Amino acid sequence: MSTLSLKNSIVKDMSLAPEGHLKIDWASAHMPVLNQIRKQFEAEQPFKGLKVTIALHLEAKTAYLAEVVQAGGAEVTITGSNPLSTQDDVCAALVEDGVTVLAKYNPDPDEYKSFLIQALETKPDLIIDDGGDLVTILHSERPDLLETIRGGAEETTTGIIRLKALEKEGLLKLPMVAVNDGYCKYLFDNRYGTGQSVWDAINRTTNLVVAGKTAVVVGYGWCGKGVAMRAKGLGAKVIVTEVDPIRAVEAHMDGFEVMPMIEAAKRGDFFVTVTGNRDVIAGEHFDVMKDGAILCNAGHFDVEVNKVDMASRAASIRTVRRNIEEYELKDGRKLYLLAEGRLVNLGAGDGHPAEIMDMTFALQAMSLKYVNDNYKTIGAKVLNVPLEIDQQVARYKLESLGIGLDSLTTAQIEYLDSWTTQE
């Protein structure tokens, strides 16, 4: 154990470390792409002498990413990006492995924010952000801490929205790679990872059947596609609500009913929000919902289900099961909110499968190296994941699966590169 990491860390209970190590070991055994990158980092030491601050959902798969970055020579500090997704045993294990950890499960809002600020006060050279929390603090409250930071990478749709808003206003002060927009992120993590982990969390939390019931999926982006697909696979009747006409047509052609939220609200047994926007389920919707409807959110912040509107209609609110709050409305109907309206797959579950996060975190690690190698020339802007990084991660994944690829011949390449018809 590093004496320095233990001294500088704030965790709940170091005696929990053995269980945390088991979780990290299990995750790392199922993350072959990240294992390959770790070997490269150990040999090349791309972050030697640098400090890296990470704000992500602090569970086993994230912990292993931190250890891979550390293996590349970095001094790593990590904190959580959601109060309910931090796992205290994993935090303790990371401290034993020499990572500075500033995180606890379910801190109060002030303590949660203080962890983010303290993580930035280590004066990192590079950052990995989730939801834009670190970047927002740097640009709004602590611009004095921007001086040392070369750049970083952002994990989520919500974070990229915030980054692009900063960039549009000419306020962004550092380069950030939009990892969420990488092919090996949204095609797999957002679709298959969210789809599976959301229903894993709902099922483990409620212990209720899905088959034969109606699931309303609010938003049909890549996450919504995955949630709807898995609901269908579990036997649910699926309704999609959208504001984008193109996505609405896509949902229709994928075999789902599409309608306005006010109509869907009358029919749903399960509601899952995946929009990244606020108040997508609000007062008028609660007024027409069935008795016993179950609501949850799979977007980054707990603003998609309007909890203020819900509480204003309630005669009583009580916790009826771990991660389930019952809102008994004044007319006697009962609505149930999972994980306080926070990310249900992490607040009430273990998040995405390890094999899925393997690709996402491989993008994070390689994008961080890319920023460090190029920060002097790329400037302060939001960057796409370089295609060669996306393709390399995909190749590593295929290799781990024992799957081979064809390759183009010289004649095929010349044919595709030519504008003239060739015999």
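Residues numbered from 1 in each chain as written. Predicted model: local features only at pLDDT ≥ 70, side-chain atom pairs only at ≥ 80, totals over all residues. Heavy atoms only, no water.

- The protein is annotated in an unreviewed UniProt entry as Adenosylhomocysteinase from Paenibacillus albilobatus.
- On record in UniProt, under Function (unreviewed entry), the comment for the protein is "May play a key role in the regulation of the intracellular concentration of adenosylhomocysteine." (UniProt positions renumbered as here; feature names shortened; annotations may be inferred.)

1. Concerning the overall build of the protein
Inference 1: A count of helical and extended segments in the protein gives 18 helices and 15 strands.
Inference 2: Taking 423 residues into account, the globule formula puts the C-alpha radius of gyration at 22 Å, and the protein, at 22 Å, falls close to it.
Inference 3: Along the first, second and third principal axes, the C-alpha set of the protein runs to 70 × 65 × 45 Å.
Inference 4: Each of the 423 residues in the protein was classed as buried or not, and the buried ones make up 53%.
Inference 5: A separation threshold of at least 6 residues defines the contact pool for the protein, and within that pool the share at least 24 residues apart is 71%.
Inference 6: For the protein, the computed accessible surface area is about 18,700 Å², with 51% contributed by carbon and sulfur atoms. (Helix = DSSP H or I, 4+ residues; strand = E, 2+ residues; numbered from the N terminus. Rg over C-alpha atoms; globule rule 2.2 N^0.38 Å. Buried < 20%, exposed > 50% of the residue type's maximum accessible area, 1.4 Å probe, protein only. Contact = heavy atoms within 4.5 Å. Areas by Shrake-Rupley, 256 points an atom, 1.4 Å probe, with all protein chains shown as cover.)

2. Here's the deal with a nonpolar patch on the surface
Inference 1: Judged by side-chain polarity, Leu408, Ile413, Tyr415 and Leu416 come together as a nonpolar surface patch covering roughly 420 Å² of accessible area.
Inference 2: With respect to the helices and strands, the residue Tyr415 is situated in helix α18 (residues 410-417).
Inference 3: Note on Tyr415: relative accessible area 46%, which makes it partly exposed. (Patch = residues over 30% accessible without salt bridge, like charges linked within 9 Å, V, L, I, M, F, W, Y side chains within 5 Å. Salt bridge = Lys/Arg side-chain N within 4 Å of Asp/Glu carboxyl O.)

3. Some words on the environment of Asn277
Inference 1: Along the chain, Asn277 turns up in the loop between β10 (270-273) and α13 (283-286).
Inference 2: Looking at Asn277, the relative accessible area reads 46%, which means it is partly exposed.
Inference 3: Taking C-alpha positions, Asn277 is 9.7 Å from Gly219, a pair spaced 58 residues apart along the chain.
Inference 4: Excluding residues within four positions of it along the chain, Asn277 makes contact with Val303 and Glu304.

4. Regarding the pairing of strand β5 (residues 151-154)
Inference 1: Burial along β5 is two-sided: the face carrying Gly151 and Ala153 and the face carrying Gly152 and Glu154 are both buried.
Inference 2: Two strands pair when backbone bridges link them, and strand β4 (residues 126-129) and β5 are joined in this way by 4 bridges, in the parallel orientation. From the neighbouring strand, Ile127 faces β5, where its bridge partner is Gly152.
Inference 3: The pairing of β5 with strand β6 (residues 176-178) spans 3 bridges and is classified as parallel. Within the sheet, the bridge partner assigned to Glu154 lies in β6 and is Ala178.
Inference 4: Regarding the hand of the β-α-β motif, the stretch spanning β5, helix α8 (residues 157-168) and β6 is right-handed. (Pairing = 2+ DSSP bridges. Right-handed = clockwise from strand over helix to strand, strands pointing away.)

5. Quick word on the pairing of strand β7 (residues 214-218)
A regular strand places its side chains so that they alternate between the two faces of the sheet.
Inference 1: The buried fraction of β7 is high, at 5 of 5 residues.
Inference 2: Where β7 lies against strand β8 (residues 237-241), 5 bridges are found, and the strand directions are parallel. Bridge pairing in β8 places Val217 opposite Val240.
Inference 3: Regarding topology, helix α10 (residues 222-233) serves as the crossover connection from β7 to the parallel β8, and that connection is right-handed.
Inference 4: Examined bridge by bridge, β7 and β10 share 4 bridges and lie parallel to one another. Pairing of Val217 across the sheet is with Val272, part of β10.

6. Here's the deal with the packing of aromatic side chains
Inference 1: Summed over the entire model, instances satisfying the criterion amount to 5 aromatic pairs.
Inference 2: Ring geometry for Tyr183 and Tyr186: centres 6.0 Å apart, planes at 45°, overall tilted. Of this pair, Tyr183 and Tyr186 both sit in helix α9 (residues 183-206), 3 residues apart, which is roughly one turn of that helix.
Inference 3: The buried category is assigned to Tyr186, whose relative accessible area is 17%.
Inference 4: When the centroid spacing of 5.3 Å and the interplanar angle of 40° are considered together, the rings of Tyr186 and Trp222 count as tilted. With Tyr186 in helix α9 and Trp222 in helix α10, this pair connects stretches of sequence that are 36 residues apart. (Phe/Tyr/Trp six-rings, centres within 6.5 Å; stacked < 30°, edge-to-face > 60°.)

7. Digging into the sheet that holds β4
Inference 1: Reading across the sheet, the 7 strands line up as β3-β2-β1-β4-β5-β6-β15 and stay open at both edges, with parallel pairing between neighbours. The two strands at the open ends of the sheet, each matched to only one other strand, are β3 (100-102) and β15 (382-384). Across this sheet, the average inter-strand angle for adjacent strands is 20°, counted without regard to direction.
Inference 2: Alignment of strand β2 (residues 75-80) against β3, held across 3 bridges, turns out to be parallel. (Axes fitted to C-alpha atoms, helices over the stretch in contact; angles between N-to-C directions.)

8. Side note on the packing of helix α3 (residues 32-44) against helix α17 (residues 387-401)
The packing of two helices is summarised by the inter-axis angle and the distance between the axes.
Inference 1: Relative orientation of the contacting elements α3 and α17 amounts to 115°, with a least axis distance of 8 Å. Viewed along their axes, α3 and α17 adopt a mutual orientation that is roughly perpendicular. Viewed along their axes, α3 and α17 form a crossing whose handedness is right-handed. Here Pro32, Val33, Gln36, Ile37 and Gln40 of α3 come into contact with α17, specifically with Val393, Tyr396, Lys397 and Ser400.
Inference 2: Tallied by class, the residues present in the contact of α3 with α17 amount to 5 nonpolar, 3 polar and 1 charged. (Parallel < 35°, antiparallel > 145°, perpendicular 65-115°, else oblique. Left-handed = near helix turned anticlockwise from the far one by under 90°. Nonpolar A, V, L, I, M, F, W, Y, C, P; charged D, E, K, R; others polar.)

9. What about the sheet that holds β8?
Through backbone hydrogen bonds, the strands of a sheet pair up, either in parallel or in antiparallel fashion.
Inference 1: With mixed pairing, 8 strands are arranged side by side in an open sheet as β9-β8-β7-β10-β11-β14-β13-β12. Either end of the sheet is taken by a strand with one partner, and the two such strands are β9 (257-258) and β12 (314-321).
Inference 2: Sitting on the sheet, α10 is in contact with β7, β8 and β10, with an inclination near 175° to β7.

10. Here's the deal with the side chain of Thr156
Inference 1: Here Thr156 is to be found in the loop between β5 and α8.
Inference 2: Residue Thr156 is classed as buried on the basis of its relative accessible area, which comes to 12%.
Inference 3: Side-chain polar atoms of Thr156 contact the backbone nitrogen of Gly159, separated by 2.9 Å.
Inference 4: Excluding anything up to four places from it in sequence, Thr156 contacts Asp130, Gly131, Asn180 and His300. (Polar contact = N/O pair within 3.5 Å; in protein donor to acceptor, adjacent residues only side chain to side chain.)

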